[in-house]
Amino acid sequence: MVSLQDYYPDLCVLPQFETANLTLDSTIRELNLYHFQVESVQPGRDVAQSFQLNPLLPGVILTQHRKLIGMISRRQFLEQMSSPYGLELFLKRPLHSLYRFVSADVLILTGDTKIVDAARRSLQRTPKFVYEPIIVELESGTYRLLDVHQLLVAQSQIQELTTQLLHDQTQAQMIQTEKMASLGQMVAGIAHEIKNPVGCITGNFEFLDDYCDKLIKLLTAYAAEVPQPSEDLSQLKEDYELYFILEDLPKILKSMKLGSERLTKIVGSLQSFSHTDESRHQPANIHECIESTLIILNNRVKKGINIIKNYDNLPLVNCSSGQLSQVFMNLISNAIDALTEKAEKAGNGSGSWQPQIEINTRLVQQDKGDWVLVQISDNGSGIAPNIQERIFETFFTTKPVGKGTGLGLAITHQIVTEKHNGKLLMRSQLGKGTTFEILLPLE
């Protein structure tokens, strides 16, 4: 198997890093860095091939006679390639021609820069460049690339270490909220970056389908006009399996179209879920919030869990859709965990039991007003009565150490009751399952 190093001896792709040994004084030198350095005279297709072979590469360092001239990030590269005529303009031309079209606001830090300072300087950049890779100068003339995502993860751990030294456990909820906000911003940025090339692909499918249909009709007309083609042409049609291509091509186009539409939905769901820091409530479709959450959790849900949805005809609810998506994410994730745990304990002796999550929505009247009710039920093992009264307490968790923080349901309760003036109820029976009820007032 050909490796990336076979193409570029100067390319060193390191595995995903671990931050367990970081301290408050840790520097970016201690993080895993990417060594991908290319002369600016190289054609763009070489970098495109490298990006395709290694999706973790955040960018490429450009040099001229081994001297640094700049950097092109993966985002900038894909953005230019997905622009009209981008492939024709830059794929075969030297990289310096592409570099002239991208912004050159590159952040260069020394390897001895503290992680906290590096994160601060990175976030001080303009929104357009805030998630661009950073060039790290380890020593004079020696450069590496640092992925900002890795930097923010490391900075987040250092922030936790600082908090443990300065604050007691009651402030951990605020830290978790800040981390979720940062994660939401990163997810929004990634989703926006993916959305552009996906939109380019989806937007051209109609033309591609039309062109292929016309070509097929044209070939069919040629075959009718020339019923006895030459021996060479007949042999060529046989070698190329023309009849199979004409039959299979529409199927391939249909499959690709469905895949692009699915990817568009996933990107939209990520953008919707990332809006967890909304302060102003707006009318939102509760069912769309639930569906976006299920799309994000699809990889876990599809593993043998049956989802039953009974949606009533609901009006728009004045709310923070991002925050409610977080509520649905926490509750459905807990239901999946409960079902997975029961399935593991039951093993092959589960009999006719099938893991199931049921989601019901309807309008109800309470306290002389109209409310939207969302029920999320599972048929897992249920919750013991002595635990039920503590289920919404901060830091309380029934999960093993390292798997639960005790903050998910506490934050969920806070979002529903304090942020939306609603109610969050729970009922559970051992061996039968658990049901959470979310009540949101219609103002």
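The structure under discussion appears in the preceding block.
About the cut-offs
- Residues numbered from 1 in each chain as written.
- Predicted model: local features only at pLDDT ≥ 70, side-chain atom pairs only at ≥ 80, totals over all residues.
- Heavy atoms only, no water.
- Axes fitted to C-alpha atoms, helices over the stretch in contact; angles between N-to-C directions.
- Helix = DSSP H or I, 4+ residues; strand = E, 2+ residues; numbered from the N terminus.
- Left-handed = near helix turned anticlockwise from the far one by under 90°.
- Contact = heavy atoms within 4.5 Å.
- Nonpolar A, V, L, I, M, F, W, Y, C, P; charged D, E, K, R; others polar.
- Buried < 20%, exposed > 50% of the residue type's maximum accessible area, 1.4 Å probe, protein only.
- Polar contact = N/O pair within 3.5 Å; in protein donor to acceptor, adjacent residues only side chain to side chain.
- Pairing = 2+ DSSP bridges.

Student: Would you mind showing me how to read the packing of helix α13 (residues 321-346) against helix α15 (residues 408-419) here?
Tutor: A pair of packed helices can be characterised by two numbers: the angle between their axes and the separation between those axes. Packing of α13 against α15 leaves a shortest axis separation of 9 Å and a crossing angle of 140 degrees. In this structure, α13 meets α15 at a crossing whose hand is left-handed. Every residue of α15 that contacts α13 at Gln323, Gln326, Val327, Asn330, Leu331 and Asn334 is listed here: Gly408, Leu409, Ile411, Thr412, Ile415, Val416 and Lys419. Considering only residue class, the contact of α13 with α15 consists of 6 nonpolar, 6 polar and 1 charged.

Student: Would you mind going over helix α3 (residues 74-81) with me for this structure?
Tutor: Quick reminder: α-helices carry 3.6 residues per turn. Residues three or four places apart thus point the same way. Within α3, 6 of the 8 residues are buried, which leaves it mostly tucked inside the rest of the structure. When α3 is considered as a whole, its buried residues turn out to be Arg74, Arg75, Gln76, Phe77, Gln80 and Met81.

Student: Just checking my understanding: could you explain the environment of Glu437 for this structure?
Tutor: The residue Glu437 is located in strand β13 (residues 433-441) in this model. Residue class for Glu437 comes out buried when judged on its relative accessible area of 13%. The spatial distance from the C-alpha of Glu437 to the C-alpha of Asn360 is 9.4 Å, given a sequence separation of 77 residues. Among all residues touching Glu437, those that are not within four sequence positions of it are Leu373, Val374, Gln375, Lys423, Leu424, Leu425 and Arg427. A distance of 2.6 Å separates polar atoms of two side chains, one belonging to Glu437 and the other to Arg427.

Student: Explain the environment of Phe129 to me, please; I cannot follow it from the model alone.
Tutor: Turning to its location among the elements, Phe129 is positioned in the loop between α6 (115-123) and β5 (134-139). Looking at Phe129, the relative accessible area reads 8%, which means it is buried. Residues Phe129 and Val106, spaced 23 residues apart in sequence, show a C-alpha to C-alpha distance of 8.5 Å.

Student: I'm lost on the sheet that holds strand β2 (residues 59-64) in this one. Help?
Tutor: Backbone hydrogen bonds hold the strands of a sheet together, and the pairing may be parallel or antiparallel. Overall, mixed pairing links the 3 strands, which are arranged β1-β2-β3 in an open sheet. Of all strands in the sheet, those bounded by a partner on one side alone are β1 (37-39) and β3 (67-73). Between one strand axis and the next, the sheet turns by 35 degrees as a mean value, whatever way the strands run. The pairing of β2 with β3 spans 6 bridges and is classified as antiparallel. Along β3, the bridge assignment pairs Gly59 with Ser73. Contacting β2 and β3, α3 crosses the sheet at an angle of about 65 degrees to β3.

Student: Help me understand the sheet that holds strand β8 (residues 306-310) in this model?
Tutor: With mixed pairing, the 5 strands of this open sheet are ordered in space as β8-β10-β11-β13-β12. Each of the sheet's edge strands pairs with one partner strand only, and the pair in question is β8 and β12 (423-429). Taken pair by pair, the neighbouring strands of this sheet meet at an average axis angle of 15 degrees, ignoring direction. Of the strand pairs in this sheet, strand β11 (residues 369-378) and β13 are connected by 8 bridges, and their pairing is antiparallel. Of the residues in β13, the one forming a bridge with Val372 is Leu440. Of the strands in this sheet, β8, β10 (356-366), β11 and β13 touch helix α11 (residues 286-296), which is tilted by about 165 degrees from β10. Strand contacts of α15: β12 and β13, with the helix running at about 135 degrees to β12, the strand carrying the most contacts.

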